[in-house]
Amino acid sequence: MSTGWWPYVPAVFLGGPGVRWRERAPHPALAPWVATTWRLRCEASQSVRVLPDGCMDIIGTDLVGTLTRPLLADLRAGQDSVGVRLRPGAFTALFGLPAHEFADQRLPLRDVAAGRSLRTLLAEAPTPDPLPTLALRAPSMRWLARETGYSERQLRRRLLAATGHGPSRLRRIGRMQRLLSAGRGGSWADAAVEVGYHDESHMINDVKALAGATPRALLRGRFLQGPAH
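Just so it is clear, the structure is predicted and the values come from calculations on it, not from any experiment. (Residues numbered from 1 in each chain as written. Predicted model: local features only at pLDDT ≥ 70, side-chain atom pairs only at ≥ 80, totals over all residues. Heavy atoms only, no water.)

Novice: Hey, could you go over the sheet that holds strand β8 (residues 106-108) for me, with residue numbers and the actual values?
Specialist: Across the sheet, which stays open at both edges, the 6 strands sit in the order β1-β2-β7-β4-β5-β8 with antiparallel pairing between neighbours. Looking at strand neighbours, the two that pair on one side only are β1 (19-24) and β8, the edges of this open sheet. Each strand of the sheet is rotated relative to its neighbour by a mean of 25 degrees, with strand direction disregarded. Sheet topology places strand β2 (residues 34-42) next to strand β7 (residues 80-86); 7 bridges connect them, and they run antiparallel. Each bridged residue has a counterpart across the sheet, and for T37 the counterpart in β7 is V84. (Pairing = 2+ DSSP bridges. Helix = DSSP H or I, 4+ residues; strand = E, 2+ residues; numbered from the N terminus. Axes fitted to C-alpha atoms, helices over the stretch in contact; angles between N-to-C directions.)

Right under this line is the structure:
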């Protein structure tokens, strides 16, 4: 198993017109733990569906645990938020706590940091387990077990602690995010097969189970803005 990490692939952002979203690459020294820093500015009140992506975020002074289900966030006109998206597995490396205990929660970062600054945590933290990133990109469970040498029980134990997700769900989340980031392309049937679904029907059912809506509905009216300069 590789001990490095792949470049961060941005999770799809489903905000509509009136929301400005920017991501910045972290300083190279932070790259093993930080996927991206981001800023959201809302000019028109709206609700935005936030999908599971296998990551945890620090938003302002709060920690937001990994999502196991879609979250409908109500944004107010004038809202300006900044955040840090941690790489999958980075939370456990930084804080020494199992990620599954914080799934679908938002709580003050100070309650988790126990008096330690983020700077101190980063200076002392080991490199995150590379297994979560590998699982997000795995074409199948059999492939993941073969590449890592772990049994399904071992994979589940390590991934739940590192990300809050079991190996099957983490793989499905990664596949869904790749599909939505790429978009429909020539046809949904082709897009489905390209990212690893059996067919279009499989794609629709699996995305609905994870995101609560079909890929077509999720991407309708999507307003994405490029990286900041």
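Novice: Quick rundown of helix α7 (residues 167-182)? Include the residues and the values.
Specialist: The end-to-end C-alpha distance of α7 is 23 Å, a good match for the 22 Å that 16 residues give at a rise of 1.5 Å each. For α7, every residue scored as buried is listed here: P167, L170, R171, R172, I173, G174, R175, M176, Q177, L179 and L180. Each element contacted by the buried residues of α7 is listed here: α4 (131-136), α5 (141-148), α6 (152-163), α8 (188-195), α9 (200-211) and α10 (215-219). (Expected span 1.5 Å × (residues − 1). Buried < 20%, exposed > 50% of the residue type's maximum accessible area, 1.4 Å probe, protein only. Contact = heavy atoms within 4.5 Å.)

Novice: Describe in detail the layout of surface pockets, supporting the description with residues and values.
Specialist: Here the largest pocket is characterised by a volume of approximately 690 Å³. As for the largest pocket, its lining consists of 33 residues, of which V50, I59, V64, L71 and A73 are closest to the centre. Top element by residues in the lining of the largest pocket is strand β6 (residues 71-75). It accounts for 4 residues. (1 Å grid on protein atoms, 1.4 Å probe; cavity = no way out; pocket = protein on both sides within 12 Å on 5 of 7 lines; lining within 4 Å. Points joined across faces, edges and corners; volume = space filled by probe spheres on them.)

Novice: Requested: an account of unusual backbone geometry, with residues and values cited.
Specialist: If a residue is not glycine, its phi is most likely negative; likewise, a peptide bond is most likely trans. In this structure, D104 takes a positive phi of about 60 degrees despite not being glycine. The topology assignment puts D104 in the loop between α1 (90-95) and β8. Of note, the phi angle at A114 is positive, near 55 degrees, even though the residue is not glycine. Note that A114 resides in the loop between α2 (109-113) and α3 (118-124). Its relative accessible area of 61% is what places A114 among the exposed residues.

Novice: Describe the packing of aromatic side chains, naming the residues involved and giving the relevant values.
Specialist: All told, the structure shown has 4 aromatic pairs when counted by the stated rule. Taking 5.2 Å as the distance between ring centres and 70 degrees as the angle between the ring planes, the aromatic pair formed by F91 and F102 counts as edge-to-face. Highlighted residues: F91 in helix α1 and F102 in the loop between α1 and β8, separated in sequence by 11 residues. With respect to burial, F91 and F102 carry one shared label: buried. (Phe/Tyr/Trp six-rings, centres within 6.5 Å; stacked < 30°, edge-to-face > 60°.)

Novice: Can you break down the pattern of salt bridges residue by residue, with the values?
Specialist: Enumeration according to the criterion identifies 11 salt bridges in this entry. Between D80 and R41 there is a salt bridge; the shortest N-O distance is 3.7 Å. Separated by 39 residues along the polypeptide, D80 in strand β7 and R41 in strand β2 bring together distant segments of the chain. Assessed through its relative accessible area of 39%, R41 is described here as partly exposed. One salt bridge connects D129 with R158, and the closest N-O pair in it is separated by 2.5 Å. Of the two residues, D129 sits in the loop between α3 and α4 while R158 sits in helix α6, which places them 29 residues apart along the sequence. A relative accessible area of 21% means that D129 is categorised as partly exposed. (Salt bridge = Lys/Arg side-chain N within 4 Å of Asp/Glu carboxyl O.)

Novice: Run through α6, naming residues and quoting values.
Specialist: Residues that lie three or four places apart on an α-helix share one face, since the helix turns once every 3.6 residues. Along its 12 residues, α6 runs 16 Å from first to last C-alpha, staying within 8% of the 16 Å computed at 1.5 Å per residue. Where the residues of α6 are buried, they touch α1, α4, α5 and α7.

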